[in-house]
Amino acid sequence: MALVLYVSFTVRVTEWRTHFRRTMNELDSKANMRAIDSLLNYETVKYFGNERFEAGRYDESMRRWEAAAVRSQTSLSLLNVGQACIIATAITLIVWRATAGVADGSLTIGDLVLINAFMIQLYIPLNFLGVLYREIKQGLADLERMFGLLDEHREVDDGPGARALALAVEGAGPQVRFEAVEFAYQPEREILHGVDFTIAPGTTTAVVGPSGAGKSTLARLLFRFYDVTGGRITIDGQDIRDLTQQSLRAAIGIVPQDTVLFNDSLIYNIRYGRPDASEDQVVQAVRAAQLEPFIARLPAGYETTVGERGLKLSGGEKQRVAIARMLLKNPPILVLDEATSALDSRNEQAIQGALRAAAAHRTTLVIAHRLSTVVDADQILVMQDGRIVERGTHASLLAAGGVYAQMWIAQADARRRGEMPD
Ligand SMILES: Nc1ncnc2c1ncn2[C@@H]1O[C@H](COP(=O)(O)OP(=O)(O)OP(=O)(O)O)[C@@H](O)[C@H]1O
Ligand SMILES: [Mg+2]
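Figured I'd write up the structure that's included with this text.

Cut-offs and rules
- Residues numbered from 1 in each chain as written.
- Chains lettered and ligands numbered in written order.
- Predicted model: local features only at pLDDT ≥ 70, side-chain atom pairs only at ≥ 80, totals over all residues.
- Heavy atoms only, no water.
- Pairing = 2+ DSSP bridges.
- Helix = DSSP H or I, 4+ residues; strand = E, 2+ residues; numbered from the N terminus.
- Axes fitted to C-alpha atoms, helices over the stretch in contact; angles between N-to-C directions.
- Contact = heavy atoms within 4.5 Å.
- Buried < 20%, exposed > 50% of the residue type's maximum accessible area, 1.4 Å probe, protein only.
- Patch = residues over 30% accessible without salt bridge, like charges linked within 9 Å, V, L, I, M, F, W, Y side chains within 5 Å.
- Areas by Shrake-Rupley, 256 points an atom, 1.4 Å probe, with all protein chains shown as cover.
- Salt bridge = Lys/Arg side-chain N within 4 Å of Asp/Glu carboxyl O.

To continue, consider the sheet that holds strand β8 (residues 363-367). Across the sheet, six strands lie side by side as β6-β7-β8-β3-β9-β10; this open sheet has mixed pairing. Both edges of this open sheet fall to β6 (252-255) and β10 (387-392), since each of them pairs with a single strand only. For this sheet the average axis-to-axis angle between neighbouring strands, irrespective of direction, equals 15°. Together, β6 and β7 (333-337) form the strand contacts of helix α10 (residues 315-329), whose direction differs from that of β6 by roughly 170°. Each of β3 (204-208), β9 (379-384) and β10 touches helix α13 (residues 403-416); the most contacted strand, β9, lies at about 95° to it.

Below, the discussion takes up the pairing of β10. With five bridges joining them, β9 and β10 adopt antiparallel strand pairing. Its bridge partner being in β10, V382 is matched across the sheet by E390. Once β9 ends, the chain turns through two residues before running back antiparallel as β10, passing D385 with a positive phi of about 45°.

With that out of the way, let us pick up unusual backbone geometry. Phi angles above zero are rare outside glycine, and R224 is one such case at about 60°. Tracing the backbone through its elements, the reader meets R224 in the loop between α5 (215-222) and β4 (230-235). Given a relative accessible area of 2%, R224 falls into the buried group. With a phi close to 55°, R309 is a non-glycine residue in the positive phi region. Tracing the chain through its elements places R309 in the loop between α9 (292-297) and α10.

With that out of the way, let us pick up a nonpolar patch on the surface. Together, F128, L129, L132, I136, L140, L143, M146, F147 and L150 make up an exposed nonpolar region whose accessible area comes to about 890 Å². Overall, F147 belongs to the partly exposed group, its relative accessible area being 40%.

Turning our attention to the pattern of salt bridges. Summed over the entire model, instances satisfying the criterion amount to 15 salt bridges. Here R134 ties to E135 by a salt bridge, and the two come within 3.3 Å at their closest N and O atoms. Take R134: its relative accessible area is 12%, and that puts it in the buried class. What makes E135 partly exposed here is its relative accessible area of 41%. In the salt-bridge network here, residues are joined through shared partners; they are R177, E179 and R232.

Nothing here speaks to function; it is all geometry.
Written out as structure tokens, the structure reads:
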């Protein structure tokens, strides 16, 4: 009887405890997430003088965690007290019955000692089992999130029989095709609607258009950070979903719209493009990216640490590091997403020259707001709301007098008024 009561009590209270433990873990990771988020964004916090607000938010998370932790501890005490009570009552009853037996002569003293020894042998393992059960349940509750992570399926995975990308001409820019590409980050909001274009081998295609049109999304899809929801993307006729991600990404170099660097030395970040590059190749890339004068001025030179996410560098310096490491990677396909948007016009012109030279034999996708940087592209696509609304060369688009021509005139006006660099 006592045994059944003991087991069912232990199981019931442990279930209950697991629930508290789970809540506690959830609140703990939430509080940690908040702390990390506000520390990473410390500049934003300071810009808006919201230190108190952030501290309050963290405090609130911790308060809720505290409440859950207290409940978890209370349930542990309840479990311990309950288990001890059940065992103590059972032992008292049995020893009392045995003592009564000795008193009325139906049992000997030896029997009493025997019963007592039995009780001790039963009680100690039982208590031990109770503790083990509790610890295992708690451990499982703590590990739950990790197991959940293992079950998580990858958004993009190499299919069975994925092949390495084979270029028609080794080392030269391949043909890149977007065939009626449809894409949505979330099913309820489609971003790209039937985007269809071809970048001929070794040529440059520029994509222009308003913010949010889906330009950077094209680059992410080409990299296969996401799979298209309709249509397909091919490189030299091979659907990128049939290729290994490793070989696909090795073939593409990108200067992203927002450059994020590792909190390490400048040289580490530049070499990231190709860790086994020679000293000479690094210097060449640095020179082409117009980084040389900047590095020469630094007291620690190449060994300067760049801070978390590169926050000790100016926007333009970060961008030039991104260009240098892309040049070092030396891939057959280039993607330049606003690659020179943070640079002054003198540096921009110098780098445009280097980028043009780099793009010469490569297949290049340039995304730009400043139209003057794309006038000599072989093909210009104008994107609006996830659709290509116009396409052609600079001259033919100007002659057509559509969206592109209007954008050009507006930017030319701004240039004349000195609001925009050339
Ligand atoms: N990870 C994401 N999840 C959900 N929506 C996203 C995600 N990334 C981008 N979007 C949405 O997709 C749309 C297109 O984004 P994209 O970054 O391609 O714009 P863009 O044309 O590059 O704009 P910009 O010129 O400002 O860089 C935007 O409306 C954006 O809100
Ligand atoms: Mg963008």
